[in-house]
Amino acid sequence: MKFLSTVAGLLLCATAFGQDVRSYVAANTVPIATLDATSDDYADLAPFGQAIGEARVVMLGEQDHGDGPTFQAKTRLIKYLHERKGFTVLAFEGDFYSLTAGWDKLAKQPDSIRHFLRQNIYYNWVGSADCRYLLEQYIPQSFQTGSPLQVSGFDSQLYATYSLTHLRRDLDGYLVSQGMDRKFPSAAAYQTFLAAVQGLLDKESKPAAYRPDMRKALDNGLQLISQAQLAAHDASAWPRVIASLQAYIVRSYPLPARDKAMADNLKFLMTTQHRGAKVIVWAANAHIMRYPDQQPGKGRVFNLVIRQKMGEYFVQDPQWARQTYVLGFASYQGTAGRLGTAPYPVALPEKDGLETWIPARMAYGFLDFTPYNKQFNNPTAPFSMKSPGHALPPAHISPVAWNLAYDGLFFIREMQATKKRE
């Protein structure tokens, strides 16, 4: 009996040690040699490749949309995934219509690709010196090879150049071809609806274009079209465009309607346009978090900030839960800031935060939470980490088990605000 008690005690100690996330992080964060995207030596990325396994979807986050070293790291990871792991699509947190319909119609020549991306990728990326190699060289030049890297988008915010100049006309053509224009009460009501659509698209650059009186006509028209599409079993991309416009109307923050629409748009891309392809997702940390149902936190604010995210909605489908790897980004210190704004200092981590557990000599590192979660049945013990942004979650939000939010982490010790490309 004494022997059995001793064995049980040792097992309990081993389990307790194994569940100590601090020890796991310190022992299992592996160094990344460089962020140089022009390097073709990927030996240091082998642990990342092993971690993602046979995933068809790899989501790459970022703490803010102005993180220069993160953009460099993501570019290098994209190259690796494309050249070594068979990923052929890069889907941005960007205008669904512009980056699907517009990209499909684009002549895939380097100069036309560069021009299109400058017009339709979010400015904080396409205007960044740290994204220039990816968007100006790597993607366009890939179409001169036998393995092009296709571009797509899944965001319900439709305000890129292609949508502004083509969506109203294309939508009109679609509705007329399907007879849906005749479902409006009158021809005048139909034209009022189309004008409201254009006003919604224009409002980011011209706020006065979307008048308050347009909301009702837009709501009613989108609902009418959605019902007609459902009755017609429309399997085209247009139901996703209509759903995106419906989500775009919702202006509260955080935006669960937007995250749900982004997840549905991504699922559509995975099952239709890019069926069978391996897809890289470029988005914010805040959008890609998964497994929120297992988080110990409670409360309305916690739900808004940590739950109801694209990653959660996407992996609710067991098929995608099994085939998706979510990589969050974390940093220790430095500066951040989007283009056109003043850089701000990155908050230092708490004294016992995850960022302090990573060996001080490590400038860049990769940490895979998957073995930890599998061994200890997805531990829900919360710990401190600056995420999803560059600061700790507000004090009134319950602590988070970050090992459940991300499958892995890419660590950057010294963050720097990106600079505008020349």
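In the annotation of an unreviewed UniProt entry, the entry for the protein chain reads Erythromycin esterase family protein, and the organism field reads Hymenobacter nivis.

**With respect to the overall build of the protein chain**
A count of helices and strands for the protein chain gives 20 helices and nine strands. The C-alpha atoms of the protein chain give a radius of gyration of 23 Å, which matches the 22 Å a tight globule of 422 residues would have. Taken along its principal axes, the extent of the C-alpha atoms in the protein chain is 85 × 50 × 40 Å. Counting all 422 residues of the protein chain, 55% fall into the buried class. Considering only intrachain contacts with a sequence separation of at least 6, the fraction spanning at least 24 residues in the protein chain is 78%. Element-wise, carbon and sulfur atoms account for 55% of the exposed surface of the protein chain, whose accessible area totals about 18,300 Å². Between the averaged position of the 44 positive side-chain charges in the protein chain and that of its 37 negative side-chain charges there is a distance of 3 Å.

**Quick notes on the side chain of Arg-56**
Relative to the helices and strands, Arg-56 is located in the loop between helix H3 (46–52) and strand E2 (57–60). As a buried residue without a salt bridge, Arg-56 has its nearest oppositely charged side chain in Glu-54, at a separation of 9.9 Å. At a separation of 2.9 Å, a polar atom in the side chain of Arg-56 contacts the main-chain carbonyl oxygen of Ala-277. Setting aside chain neighbours within four positions, we find Arg-56 in contact with Phe-87, Met-270, His-274, Arg-275, Gly-276, Ala-277, Lys-278, Val-279, Trp-320 and Gln-323.

**A closer look at the nonpolar core**
Among the nonpolar cores identified, the biggest contains 123 residues, and Ile-139, Phe-193 and Leu-354 are the most heavily contacted of them. With sequence-adjacent residues up to four places away left out, Phe-193 is seen in contact with Leu-171, Leu-175, Phe-184, Ala-217, Leu-218, Gly-221, Leu-222 and Ile-225.

**Focus on helix H8 (residues 132–142)**
Among the residues of H8, those classed as buried are Leu-134, Leu-135, Glu-136, Tyr-138, Ile-139, Pro-140 and Ser-142. In this structure, the buried residues of H8 make contact with helix H4 (68–84), strand E3 (89–95), helix H6 (110–120), helix H7 (123–126), strand E4 (150–155) and strand E5 (279–282).

**Describing the environment of Leu-90**
Following the sequence through the fold, Leu-90 ends up in strand E3. Between the alpha carbons of Leu-90 and Arg-338 there is a distance of 22 Å; along the sequence they are 248 residues apart. Leaving out residues up to four positions away in the same chain, Leu-90 has contacts with Ile-78, Leu-134, Ile-139, Leu-149, Gln-150, Val-151, Ser-152, Ile-280 and Trp-282.

**Remarks on the packing of aromatic side chains**
Overall, the coordinates contain 26 aromatic pairs when judged by the stated rule. Look at Phe-48 and Tyr-80: their rings are 6.2 Å apart centre to centre, the planes differ by 50°, and that puts the pair in the tilted class. Here the residue Phe-48 occupies a position in helix H3, and Tyr-80 occupies one in helix H4, the gap between them amounting to 32 residues. For the pair shown, Phe-48 and Tyr-80 are each scored as buried.

**Some words on the environment of Thr-341**
Position of Thr-341 relative to the elements: it lies in the loop between strand E6 (324–336) and strand E7 (344–345). For Thr-341, a relative accessible area of 48% corresponds to the partly exposed category. For the pair Thr-341 and Gly-66, spaced 275 residues apart in sequence, the C-alpha to C-alpha distance is 9.5 Å. A distance of 2.6 Å separates the side chain of Thr-341 from the backbone oxygen of Arg-338, its partner in a polar contact.

Rules and cut-offs
Residues numbered from 1 in each chain as written. Predicted model: local features only at pLDDT ≥ 70, side-chain atom pairs only at ≥ 80, totals over all residues. Heavy atoms only, no water. Helix = DSSP H or I, 4+ residues; strand = E, 2+ residues; numbered from the N terminus. Rg over C-alpha atoms; globule rule 2.2 N^0.38 Å. Buried < 20%, exposed > 50% of the residue type's maximum accessible area, 1.4 Å probe, protein only. Contact = heavy atoms within 4.5 Å. Areas by Shrake-Rupley, 256 points an atom, 1.4 Å probe, with all protein chains shown as cover. Lys, Arg positive; Asp, Glu negative; His and termini not counted. Charge placed at Lys NZ, Arg CZ, Asp CG, Glu CD. Salt bridge = Lys/Arg side-chain N within 4 Å of Asp/Glu carboxyl O. Polar contact = N/O pair within 3.5 Å; in protein donor to acceptor, adjacent residues only side chain to side chain. Core = buried A, V, L, I, M, F, W, Y, C linked by side-chain atoms within 4.5 Å. Phe/Tyr/Trp six-rings, centres within 6.5 Å; stacked < 30°, edge-to-face > 60°.

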